[in-house]
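# Overview (structure and organization)
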Amino acid sequence: MDTLQNISLEFLTGNSSLIQPIMQGITSLFLLGSFAFQSILGLPGASHVRREGHLLKRAVDDFITTEEPIALEQLLCNIGSSGCHASGASSGVVIASPSTADPDYFYTWVRDSALVFKAIVDRFANSYDASLQTEIQNYITSQAELQTVSNPSGSLSDGTGLGEPKYNVDLTAFTGSWGRPQRDGPALRAIAMIGYSKWLVANGYTSTATDTVWPIIRNDLAYVAQYWNQTGFDLWEEVQGSSFFTVAAQHRSLVEGSALAATLGTTCTACDAVAPQVLCFLQTFWSSSGGYALANINVNNGRSAKDANVILGSIHSFDPALGCDAATFQPCSDRALSSHKVVVDSFRSIYTINSGIAAGSAVAVGRYPEDTYYNGNPWYLNTLAAAEQLYDALYVWQTQGSIEVTSTSLAFFQDLSSSVAAGTYASDSDTYTTLYDAVYSYADGFVNIVSQYIASNGSLAEQYDRSSGTPLSARDLTWSYASFLTAAARRAGVVPAGWAGDGSSATSVPAVCAATSQVGTYSTATVSSFPTSQTPATTDSTVTTTFTRPTGTTTAASGTTTATSCATATSVAVTFSEVKTTSYGQTVKIVGSVAALGSWDVSKAVALSASSYTSSNPLWKGTVTLTAGQAIEYKYIVVNTDGSVTWESDPNRSYTVPQTCATTAVEADTWR
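What comes next is a walk through the structure.

What counts, and where the lines are drawn
- Residues numbered from 1 in each chain as written.
- Predicted model: local features only at pLDDT ≥ 70, side-chain atom pairs only at ≥ 80, totals over all residues.
- Heavy atoms only, no water.
- Pairing = 2+ DSSP bridges.
- Helix = DSSP H or I, 4+ residues; strand = E, 2+ residues; numbered from the N terminus.
- Axes fitted to C-alpha atoms, helices over the stretch in contact; angles between N-to-C directions.
- Disulfide = S-S within 2.5 Å.
- Buried < 20%, exposed > 50% of the residue type's maximum accessible area, 1.4 Å probe, protein only.
- Expected span 1.5 Å × (residues − 1).

### A short note on the sheet that holds strand S23 (residues 664-670)
One open sheet holds the three strands; their spatial order is S19-S16-S23, and the pairing between them is mixed. Bordering the open sheet on either side are strand S19 (619-627) and S23, each of which pairs with just one other strand. Taken pair by pair, the neighbouring strands of this sheet meet at an average axis angle of 20°, ignoring direction. Here strand S16 (residues 571-579) runs beside S23; their pairing, made up of seven bridges, is parallel.

### Some remarks on the state of the cysteines
Inspection of the entire model under this criterion finds four disulfides. Disulfide partner of Cys268: Cys271, at an S-S distance of 2.0 Å. On the sign convention where negative is left-handed, the bridge of Cys268 and Cys271, at about 65° about the S-S bond, is right-handed. Judged by its relative accessible area of 1%, Cys271 is buried. Note on cysteine connectivity: Cys280 is disulfide-linked to Cys513, with sulfurs 1.9 Å apart. Note on the Cys280 and Cys513 pair: the S-S dihedral is about -90°, so by sign convention the disulfide is left-handed. Of this pair, Cys280 sits in helix H8 (residues 269-282) while Cys513 sits in the loop between strand S12 (494-495) and strand S13 (545-546), placing them 233 residues apart in sequence. For Cys513, a relative accessible area of 41% corresponds to the partly exposed category.

### Some thoughts on helix H13 (residues 430-453)
Here H13 contains 24 residues, and its C-alpha end-to-end distance of 35 Å stays within 8% of the 34 Å for a straight helix at 1.5 Å per residue. Within H13, 21 of the 24 residues are buried, which leaves it mostly tucked inside the rest of the structure.

### Focus: the side chain of Thr406
One can find Thr406 in the loop between strand S8 (402-405) and helix H12 (410-414). Given a relative accessible area of 16%, Thr406 falls into the buried group.

### So, helix H11 (residues 380-400)
Owing to its 3.6 residues per turn, the α-helix brings residues three or four apart onto one side. The end-to-end C-alpha distance of H11 is 31 Å, a good match for the 30 Å that 21 residues give at a rise of 1.5 Å each. Burial within H11 is extensive, with 19 of its 21 residues counted as buried. Downstream of H11 by a residue or two, Gly401 has a phi angle that is positive, lying close to 80°.

Shown next, in the form of structure tokens:
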């Protein structure tokens, strides 16, 4: 984590169009220059790919180590009411971006908020964090209120109001013209809250899930079951029709919602009746002639329907237990991999920054090739999604011990290894190793693209210029930060809990599709407060499953490559960051219940660094090495110029040090 001490987080308060690309890209080019050159001329030999892949891995390792604490910190800054960029936003409300002009994204979207909190819930479930738990609880409370807000789409009485995509940050209705309704929001919100409910049940807090969270989820599931087969606007808010991303999320929400209902001792009969038909409808998006999933159907807009929509749909439907199931477009399925190739390749020739980069090498990825918004540019979140899909695939291949190449996915794999043929390759075969390492390097390449064109302070905007790579459009896009965090987690072999369930029929496609829907009943969900001290029931409270890190490593002596498991870390360098405005001469320190934090002795408290402190982002931070799996309590203090100490308010903060392969972790807080 030493690199963290040498970067300057001069977060801008102006528009992102003024941000300059990070200079790390130059380092990456020096490091990867020979590989990039060979990629232009043609596919390099296998031994060269392994060597250059190892160098790429090191470059991406360094970038993630530097960027992860920034991404988490800035994501939390965009959550009201105490987030450093979220002034005026209600508690638990996610602002899309602090940008208030050109473009004005200072609103809250149901979709964006749900995806952000799904990432937060997954992070929390993997490693208990009391501060993240508070954010999750605030989000749930805010969404209970939001469901009751009448808006241009309708109201809660018949569910129509749940399809409203966008609200003011004070939880009042946005009444301007917009692409509405958007039918992915209720499904995604249900998925995020189901994730937290699973954690509650696993740790003995079933009554909270039943009484507090389920009523909100039930409204959203009722909406999905009633309105899924009606058209709406897609996730880019431009196309009115049927969207792959939306339908995939709807199917998952109904399957997972039914399972949660059973766990809570109730039922969701509409979920059970409708889910198979939603899955049946999802199959109609597949174009066997084109070899990719169509982003939108029931439209006539002249587009190719090649769209990152389908990559996002795949990663947000990821369930490791489903393997490479094609019906649900799992990331390693032949359909999803073929779609990945078609979508990524559609951007190779249209962006200047992708010029000369051959198939099978990473490029900048946008929304769809016909895009004209801000002149049509690559998006950080889509470039990261392209990486995340491949990390998901690697995870499953390593788990099941084989890679299957079908006639559908053959073109994808031949871009990486021209001689490969259709077949199933066991993990002890040379072909498996070649393909595994090539896909891993391909995935890392997308992250490396982001490292080249990210802003110099580590902030992530919405887009980066197709010709120069300069960040532009909305600055500090919350969805961009969430996408970075989930891609980094998958690369580390940390995946969320599955959704389909043991012995599930979630992948069974009916022989005949029917437009089955069920009229729902809706009621106001009231969240007064959450019970205090809902901590893990055991020291191992994780709901997610962590497999060995999917990576091919090179043995320098022999030049051979093998897939290896990483060792569980025994100690973790935890970077604590605290947003606190101070006066000249004051110092922020951290003190806590373990010796490394002074055992509550303020004279032994750990001083934080103000090297990244700015007036717009008063950040103090420091790194402390702690024992993996250790549960601690701590607080921040301000030491004044006269030596007196000011404590932040109660209660003590709680944190459990992650016990995974990772040797670093980040905890982002705001003074209270």
